[in-house]
Amino acid sequence: HNGVDTARAVIGLTVGPENDRPEVISAKEFNVLEDSFIEITKDSMVIQDIDHPYKDLKLFVLVGNDYQISNDSVVTPDGDYFGTLTVPTVIEDPLGGRDTVDVIVNVVPVNDQPIFNLQDAHSGNEDDGRDTVEISGIEEGPLNELSQHSSLTITTDKAANWYAFGPIIEYDDTKTTAIIIYE
């Protein structure tokens, strides 16, 4: 060997596994109605983890703006909020490896009922002529609905001897709330 002494030895070498973090490949976008809630689940994501089975991965939602969290994964938008929420969500393996993804939740507005105050019981004599019923505090509903139009309709039917007072409330399927006053 060219004048160089060499020796051979067998050395035992153990290579331990290193925890590879899970990776969220994609996450579903959610739509939820205002004043409702949504649960974000692992089933709504494509997740890859070469070290751990899917069933061992945990999901939890992080604190953010305009929503509350319960049970680690249930997101409830703040009351009367509508718009887009960006919800940071963590997938974690049993050894602490984790990936965070922003889950988009579109909060769809609903038409809230307008608010008004009608005075307490009212009575009058039919021969007294014009009568006044006080209605106050008419509002469109929550602050996010101030641009909506509300109206008050007064209907009379002298033949049936009744008067109806009520705000017209328009939902997707038109509905009317009425207060009926009988003579």
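First, a word on what this report is: a plain description of the structure on this page. It should be emphasised that the depicted structure is a prediction, and the values quoted were computed from it without experimental measurement. (Residues numbered from 1 in each chain as written. Predicted model: local features only at pLDDT ≥ 70, side-chain atom pairs only at ≥ 80, totals over all residues. Heavy atoms only, no water.)

Of regular secondary structure, the chain possesses zero helices and 15 strands. Counting the 183 residues in the chain, one finds 26% classified as buried. The contacts of the chain with a sequence gap of at least 6 include a subset with a gap of at least 24, amounting to 49%. When the accessible surface of the chain is totalled, it reaches about 13000 Å², and 49% of it is carbon and sulfur. (Helix = DSSP H or I, 4+ residues; strand = E, 2+ residues; numbered from the N terminus. Buried < 20%, exposed > 50% of the residue type's maximum accessible area, 1.4 Å probe, protein only. Contact = heavy atoms within 4.5 Å. Areas by Shrake-Rupley, 256 points an atom, 1.4 Å probe, with all protein chains shown as cover.)

Right, let's get into the sheet that holds strand β6 (residues 67-70). Sheet strands pair via backbone hydrogen bonds, and the direction of the pair is either parallel or antiparallel. Taking strand neighbours across the sheet as the criterion, the three strands line up as β3-β7-β6 in an open arrangement whose pairing is antiparallel. A single partner strand is all that each edge strand has here, and the edge strands are β3 (38-39) and β6. Alignment of β6 against strand β7 (residues 74-77), held across four bridges, turns out to be antiparallel. Looking at the pairing, Ser70 lines up with Val74 of β7. (Pairing = 2+ DSSP bridges.)

Let us now look at the nonpolar core. Generally speaking, soluble globular proteins have nonpolar side chains that are buried together. Grouped together as the largest cluster of nonpolar side chains are 20 residues, with contacts concentrated most on Ile40, Met45, Val75, Leu85, Val87 and Val105. Only β2 (30-33), β4 (45-48), β5 (58-61), β8 (83-92) and β9 (98-108) provide two or more residues apiece to this core. The contact partners of Met45, leaving out residues within four places of it in the chain, are Val24, Ser26, Ala27, Ile40, Leu59, Thr89, Ile91, Val101 and Val103. (Core = buried A, V, L, I, M, F, W, Y, C linked by side-chain atoms within 4.5 Å.)

Per the counting criterion, the structure on display carries three salt bridges. The partner of Asp99 in a salt bridge is Arg21, with the nearest N and O atoms 3.3 Å apart. Of this pair, Asp99 sits in strand β9 while Arg21 sits in the segment before β1 (23-27); the two residues are 78 residues apart in sequence, bridging distant segments of the chain. The class of Asp99 is buried, set by a relative accessible area of 14%. (Salt bridge = Lys/Arg side-chain N within 4 Å of Asp/Glu carboxyl O.)

Let us look at the pairing of β9. With four bridges connecting them, β2 and β9 associate as parallel partners. The residue of β9 that forms the bridge with Leu33 is Val108. Bridging between β8 and β9 involves ten bridges; their strand directions are antiparallel. By the bridge assignment for β9, Thr84 is matched with Asn106. Counting the residues in the hairpin turn of β8 and β9 gives five residues, including Gly96, whose phi is positive at 95°.

Relative to the helices and strands, Glu92 resides in strand β8. Discounting residues that sit within four places of it in the chain, Glu92 has contacts with Pro22, Asp56, Leu57, Lys58, Phe60, Gly97 and Arg98.

On to the pairing of β7. Note that β3 and β7 share two bridges and pair antiparallel. Among the inter-strand pairings, Ile38 is bridged to a residue of β7, identified as Val75. The hairpin formed by β6 and β7 contains three residues between the paired strands, and Asn71 there has a positive phi angle of roughly 50°.

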